[in-house]
Amino acid sequence: MKKPLSYYLEHKYLKQFNWYFLSGMILFGAQFLAMSYLSKMNTLSDFSRYTLILSICSPIFLLFNTNSRVLIATNRQDYEYTTLRSLRIISLGMALVISLLVGLSVVGWAWILLFLGLASYRGFDGIYEWTYGFFIHSERADSVGRSQLVRSIALIVAMGIGVSGMIDLSITQFYGIVLCILTITYLLTDRRYLRVQSLRSRQDKAADETRESSGKSLITLIKLGVPLGLMALADSLSVNIPKYTFEYFGFSDIVGVYTSLFVFLQTMSYLSFSIVNSTLPSLKDYVSRGVTSAVKNIVIKSNLMMGAFSMCFICGVFLLGKWLLETFYTPEIALSAGDFFIFSFCVIPMKLSLVYSFALFCFNDFRRVFGVSMITVLTIGVLCYYLIPQMSLLGGILAFGIGQVVKLILLFCFYRIRIKELPQETLPQ
């Protein structure tokens, strides 16, 4: 006897969500504490320089990462493993070279070691995102969860060494320890799973002589991934443009303050990825089959969860904002508690936009999402140019928030267009 559609969606959703949510929050906690540790152990000037370098590396690696988590999760069945691996090696190599060239031109040779460490750390993000694409495609939330837990260990161990007083760690040394641990744990965990994928790929290729050649598939894959990479670049620039503008107008220390506040907003990012990752394979399947009711069901439930948790976050910031900034950062950063409360409202359009973005990914409407991301970047850039000289930190926050609202409106409109194109069919109850 078939179970009702509502039961199937809820059961499958919650089973996947629990793994993504718990492990994601642990990983976020480790990253958040690492940021807190670095802010407390360094001057605001050095901490701001560190966040500026990070904001240079991140957009470049996101561009060349081609949003591989989504790319593989939604298109794994169309490409050989070796083709996907070739794209991964080429793109990460280019990202490392370009980020170093850009970074040296901006911050100079005095920061080369820190830049190498942070660029390599972002490179590992790309590698893990690649493996997560395979896991999500196979609906292996447990594998993603275990991998995220292992990644948390690297940060926790490095912080433990610093807090213990055994070594007075600089930011460069801190990330050096993290990279060593990540290398070892990756080889012992995720890499073992990829070997199985490689073996299966060779077996499938031997059994299917009609499959396209790897060269042609790689070119096709690049064409598919470029809009995703550009979209990720645009989304990263949306976050980082205020930092660049602060630096341009001489508000260098504000870069660290803005980053510290935004890290709290990333709390919702890990929750949001838990929600959309747990539903992505099913959502893609229902879109392909034209089951409109199931697509709407998943999107509506995701939006309700996003909205509810966002409101809880905003209330928490209202009640505890200043205490949080004093506890996890410094009294100097805590002076911006009022701006922090205003910033917290940005999580609502940010998280709802994520739902509609992933829904459009399932329609393979990557170019339209990229167009929205570009409009968002331009909006934030123009507003930053005019608001930051007048309002400093608050100007950057308002520019970012308005840009997120514009993004949400556009994505919602495009989602409505695509959902109307599906046949109005339902699954048997």
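The structure under discussion appears in the preceding block.
As a starting point, this report considers the structure included with it. (Residues numbered from 1 in each chain as written. Predicted model: local features only at pLDDT ≥ 70, side-chain atom pairs only at ≥ 80, totals over all residues. Heavy atoms only, no water.)

**Describing the overall build of the protein chain**
Each helix and strand counted, the protein chain has 16 helices and zero strands in total. Within the protein chain, buried positions represent 55% of all 429 residues. Pairs at least 24 residues apart make up 85% of the contacts formed inside the protein chain by residues separated by at least 6 positions. (Helix = DSSP H or I, 4+ residues; strand = E, 2+ residues; numbered from the N terminus. Buried < 20%, exposed > 50% of the residue type's maximum accessible area, 1.4 Å probe, protein only. Contact = heavy atoms within 4.5 Å.)

**Section: the environment of Phe313**
Structurally, Phe313 is set in helix 11 (residues 292-328). Overall, the relative accessible area of 12% leaves Phe313 in the buried class. Between the C-alpha atoms of Phe313 and Phe345, which are 32 residues apart in sequence, the distance is 9.0 Å.

**Observations concerning the layout of surface pockets**
As a volume, the largest pocket reaches approximately 200 Å³. Lining of the largest pocket is provided by 13 residues; of these, Phe64, Thr66, Leu87, Ile222 and Val226 occupy positions nearest its centre. Of all elements in the fold, only helix 2 (44-65), helix 4 (81-107) and helix 9 (214-248) reach the threshold of two or more residues within the lining of the largest pocket. The element best represented in the lining of the largest pocket is helix 9, accounting for six residues. Looking at side-chain class alone, the lining of the largest pocket contains nine nonpolar, four polar and no charged residues. For the lining of the second largest pocket, the secondary structure elements donating two or more residues are helix 2, helix 4 and helix 9. Of the residues contributing to the lining of the second largest pocket, the split by class is eight nonpolar, one polar and one charged. (1 Å grid on protein atoms, 1.4 Å probe; cavity = no way out; pocket = protein on both sides within 12 Å on 5 of 7 lines; lining within 4 Å. Points joined across faces, edges and corners; volume = space filled by probe spheres on them. Nonpolar A, V, L, I, M, F, W, Y, C, P; charged D, E, K, R; others polar.)

**A short note on the side chain of Lys407**
Secondary-structure assignment places Lys407 in helix 16 (residues 393-421). Judged by its relative accessible area of 10%, Lys407 falls in the buried class. Not counting residues up to four positions away in its chain, the partners in contact with Lys407 are Asp235, Ser353, Val372 and Thr376.

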